[in-house]
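# Close look at the chain arrangement
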Amino acid sequence: MTDRTAVKAALASQRIELPSWAFGNSGTRFKVFAQAGVPRDPFEKIADAAQVHRYTGVAPTVSLHIPWDLVDDYHKLASHAESLGVRIGVINSNTFQDNDYMLGSVTHADPAVRRKAVDHLFACVDVMDATGSPDLKLWFADGTNYPGQDDFRARQDRLAESLSKVYDRLGDGQRMLLEYKLFEPAFYHTDVPDWGTSFAHCVALGEKAKVVVDTGHHAPGTNIEFIVAMLLRAGKLGAFDFNSRFYADDDLMVGSADPFQLFRIMHEVVRGGGLSASSGVNFMLDQCHNIEPKIPAQIRSVMNVQEATAKALLVDWPALSAAQQAGDVLGANAVLMDAYNTDVRPLLVELRQEQGLDPDPMAAYARTDYATKIVNERVGGHQAGWGA
Ligand code: LRH
Ligand code: MN
Ligand code: MN
């Protein structure tokens with residue numbers, strides 16, 4: 001697509017979802033550097049997310065993580081979000097921080113532990129019912145550390161059985177998104193380690209089950225854009241968890257470590273029709289900001305996704321297709337690289353001006369007193385964060 005107006009229209013309709021946990025304190029197992037002014041509860045996390053939407057105009061939904069975002073009244077939280085111009089998005093489950101899950105959650109050999117895990121997933125669907133969230137996101141830390149520790153096949157059977165119970169609980173318009181991760185916290189084997197395993201379970205479950213691609217959850221050198229192409233082709237790409245990695249599950253800002261990889265992913269998204277709202281692909285961020293200020297880091301991340309998307313939209317498809325058909329290896333590669341090497345920032349400035357937004361979202365936020373205000377207001381109390 002090389003028509004500027006069409007590119008801008010596609011960019012204007014793109015939506016990027018923010019994770020509530022990006023606004024809380026986070027760190028590594030070595031140290032959490034607490035920041036002043038971080039939210040003390042889910043209401044304040046949503047208020048911060050609303051700031052990101054205010055200056056980017058494309059981030060109107062916030063993912064919650066249960067129980068990190070536990071509140072008494074989810075209707076109230078949803079109304080609070082709406083009053084700030086945003087909505088609650090995907091509900092992320094958490095079956096990885098309870099002592100009972102040391103040897104697994106939905107794959108555990110003990111039926112009582114599996115029941116507890118499935119009950120938590122049911123409770124997450126209750127939250128979806130209360131908030132109007134369309135998606136339940138599942139990531140399981142389940143796996144083993146030593147060969148022989150447990151039976152792979154028995155664990156897959158237990159996983160399939162647990163998933164189907166939750167699947168049956170989904171209402172109309174609700175989906176289940178199954179995330180995979182190569183390793184960590186289990187180091188020998190993980191029960192849902194790759195897209196193939198997630199895909200196999202989703203196919204067995206049915207239409208409402210889709211795969212989540214977390215960009216940080218692959219072995220180095222994995223061709224993630226090929227996975228994206230395959231999933232879109234099969235109608236099974238449900239969502240992205242965007243972030244960047246240099247080594248493992250680093251959770252750095254999307255597009256920061258390898259913007260070219262993000263472009264290649266977005267190119268396959270465009271090619272596979274994943275950008276249209278009807279495809280149902282949810283572009284979520286799953287990041288932690290350990291040393292950088294959180295609200296600006298989320299604004300920057302949204303902008304990085306927009307820039308990669310703009311470049312992908314600028315690919316000259318007729319020229320690419322002609323070069324591919326003609327076996328013109330260098331010509332085809334040059335068409336793709338031309339799009340990647342385009343400076344799309346002026347186009348995004350133009351788009352924001354047309355939308356009545358400040359052309360520079362980072363500067364626009366920095367000019368406000370919001371950061372000072374939250375530092376002054378949010379004193380004392382418990383500072384919510386990753387795992388809190
Ligand atoms: C696991 C993961 C998953 C969790 C999130 C906090 O590494 O990517 O999506 O819910 O981190
Ligand atoms: Mn993730
Ligand atoms: Mn992760």
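Preceding this section is the structure that the text describes.
Residue indices follow the written sequence of each chain, beginning from 1 at its first position. Whichever chain is written first is A, and whichever ligand is written first is 1; the rest continue in order. Totals for whole chains, interfaces and linings use all residues, but because this is a predicted model, local features are given only for residues with pLDDT of at least 70 and pairs of side-chain atoms are given and counted only at 80 or more.

## Focus on the overall build of the protein
For helices the rule is a DSSP run of H or I covering at least 4 residues; for strands it is a run of E covering at least 2, with both sets numbered from the N terminus onward. Helix and strand counts for the protein come out as 14 helices and ten strands. By the compact-globule yardstick of 21 Å for 388 residues, the protein fits well, its C-alpha radius of gyration being 21 Å. Along the first, second and third principal axes, the C-alpha set of the protein runs to 60 × 60 × 40 Å. Among the 388 residues that make up the protein, the fraction classed as buried is 45%. As a reference, a globule follows 2.2 Å times the number of residues to the power 0.38, and the radius of gyration itself is taken over C-alpha atoms. Neighbour counting defines burial: a residue surrounded by 20 or more other C-beta atoms within 10 Å of its own C-beta is buried, one with 12 or fewer is exposed, and intermediate counts give partly exposed, using backbone-placed C-beta atoms.

## Here we look at unusual backbone geometry
Cis rather than trans, the peptide bond between Ile66 and Pro67 has omega equal to 15°. Residue Pro185 is bonded to the preceding Glu184 through a cis peptide linkage, with omega at 10°. Position of Pro185 among the secondary structure elements: in the loop between strand E6 (175-179) and strand E7 (189-190). A positive phi is found at Glu184, a non-glycine position, where the angle reads about 80°. Among the secondary structure elements, Glu184 is positioned in the loop between E6 and E7. Positive phi, close to 60°, is recorded for Asp251, a residue that is not glycine. As for its position among the elements, Asp251 is in the loop between strand E9 (237-242) and helix H8 (259-271). You can call Asp251 buried: it has 24 C-beta atoms within 10 Å.

## Looking at the site of ligand 1
Near, as applied to residues and a molecule or strand, means the residue's backbone-placed C-beta atom lies within 6 Å of it. Ligand 1 sits among Asn92, Trp139, Glu179, Lys181, Asp214, Asp241, Asp249 and Asp286. Residue composition of the shell around ligand 1, by class: one nonpolar, one polar and six charged. Residue type decides the class: Asp, Glu, Lys and Arg count as charged, Ala, Val, Leu, Ile, Met, Phe, Trp, Tyr, Cys and Pro as nonpolar, and the leftover types, Gly among them, as polar.

## Some words on the nonpolar core
By definition, a nonpolar core groups buried Ala, Val, Leu, Ile, Met, Phe, Trp, Tyr and Cys residues that are joined through C-beta atoms within 7 Å. Formed by 92 residues in total, the largest nonpolar core has its most connected members in Leu178, Val211 and Val213. No other element matches the ten residues that helix H9 (residues 294-313) contributes to this core. Think of it this way: build a C-beta for each residue from its backbone, and any pair within 7 Å is a contact. Discounting residues that sit within four places of it in the chain, Leu178 has contacts with Leu138, Val192, Ser198, His201, Cys202, Ala209, Val211 and Val212.

## Topic: the sheet that holds E9
Two strands qualify as a pair provided that DSSP identifies no fewer than 2 bridges between them. Around the barrel, eight strands lie side by side as E1-E2-E3-E4-E6-E8-E9-E10; this closed barrel has parallel pairing. Ignoring strand direction, the axes of neighbouring strands in this sheet form an average angle of 30°. As defined by bridge partners, E6 adjoins strand E8 (residues 209-214) across four bridges and the pair is classed as parallel. Within E8, the residue paired with Leu177 across the bridge is Lys210. Where helices are involved, their axes are fitted lines through C-alpha atoms of the stretch in contact, as for all axes, and angles between N-to-C directions lie from 0 to 180°. Running over the sheet, helix H3 (residues 74-83) touches strand E2 (61-65) and strand E3 (87-92) and is turned about 135° from E3. Helix-sheet contacts for helix H4 (residues 111-131) involve E3 and strand E4 (135-138), and the interaxial angle to E3 is about 170°.

## Concerning the pairing of strand E10 (residues 282-285)
Residues Asn282 and Met284 point to one face of E10 and Phe283 and Leu285 to the other, with burial holding for every one of them. Examined bridge by bridge, strand E1 (residues 16-19) and E10 share two bridges and lie parallel to one another. The residue of E10 that forms the bridge with Glu17 is Met284. In this sheet, E10 lies alongside E9 in parallel orientation, the contact comprising four bridges. Within E10, the position partnered with Phe240 by the bridge is Phe283. On the question of chirality, the crossover connecting E9 to the parallel E10 by way of H8 is right-handed. Whether a crossover is right-handed comes down to one check: with the strands pointing away from the viewer, does the path from the first strand over the helix to the second run clockwise; if it does, it is right-handed.

## Comments concerning the packing of H4 against helix H5 (residues 152-169)
Two numbers describe how H4 lies on H5: the axes approach to 10 Å, and their chain directions differ by 25°. In terms of orientation, H4 and H5 fall into the roughly parallel class. In the crossing of H4 with H5, the sense of the turn from one axis to the other is right-handed. Contacts between H4 and H5 involve Arg114, Ala117, Val118, Leu121, Phe122 and Val125 from the former and Arg158, Ser162, Lys165, Val166 and Arg169 from the latter. Of the residues in the contact of H4 with H5, the class split is six nonpolar, one polar and four charged. An angle below 35 degrees is read as roughly parallel, one above 145 as roughly antiparallel, one from 65 to 115 as roughly perpendicular, and any other as oblique. By definition, turning the near helix anticlockwise from the far helix through less than a right angle yields a left-handed crossing, and turning it clockwise yields a right-handed one.

## So, H3
All of the buried residues in H3 are Tyr74, Leu77 and Ala81. With its buried residues spanning 55° around the axis, H3 presents them on a single face. The outward face of H3, more than 90 degrees from its buried face, is lined by the exposed residues His75, Lys76, Ser79 and Ser83. The inward-facing, buried residues of H3 abut helix H2 (42-56), E2, E3 and H4. Read the arc as the range of directions from the helix axis to the C-beta atoms.

## Quick look at the packing of H5 against helix H6 (residues 195-205)
The description of two helices packed together rests on the angle between their axes and the distance between the axes. One can describe the packing of H5 onto H6 by two numbers: an axis separation of 10 Å at closest approach and a directional angle of 50°. Taken together, the axis directions place H5 and H6 in an arrangement best described as oblique. The two elements H5 and H6 meet at a crossing, and its hand is right-handed. On the side of H5, the interface is formed by Ala160, Leu163, Ser164 and Tyr167, while H6 contributes His201, Ala204 and Leu205. Per-class residue counts for the contact of H5 with H6 are five nonpolar, two polar and no charged.

## Topic: the pairing of E1
It is a general feature of regular strands that their side chains alternate between the two faces of the sheet. Along E1, one buried face is formed by Ile16 and Leu18 and the opposite face, lined by Glu17 and Pro19, is buried too. By the bridge criterion, two bridges tie E1 to E2 in an arrangement that is parallel. For Leu18, the partnering residue across the bridge sits in E2 and is Val62. Handedness of the crossover is the feature at issue here: the chain leaves E1, passes through H2, returns alongside E2, and the resulting connection is right-handed.

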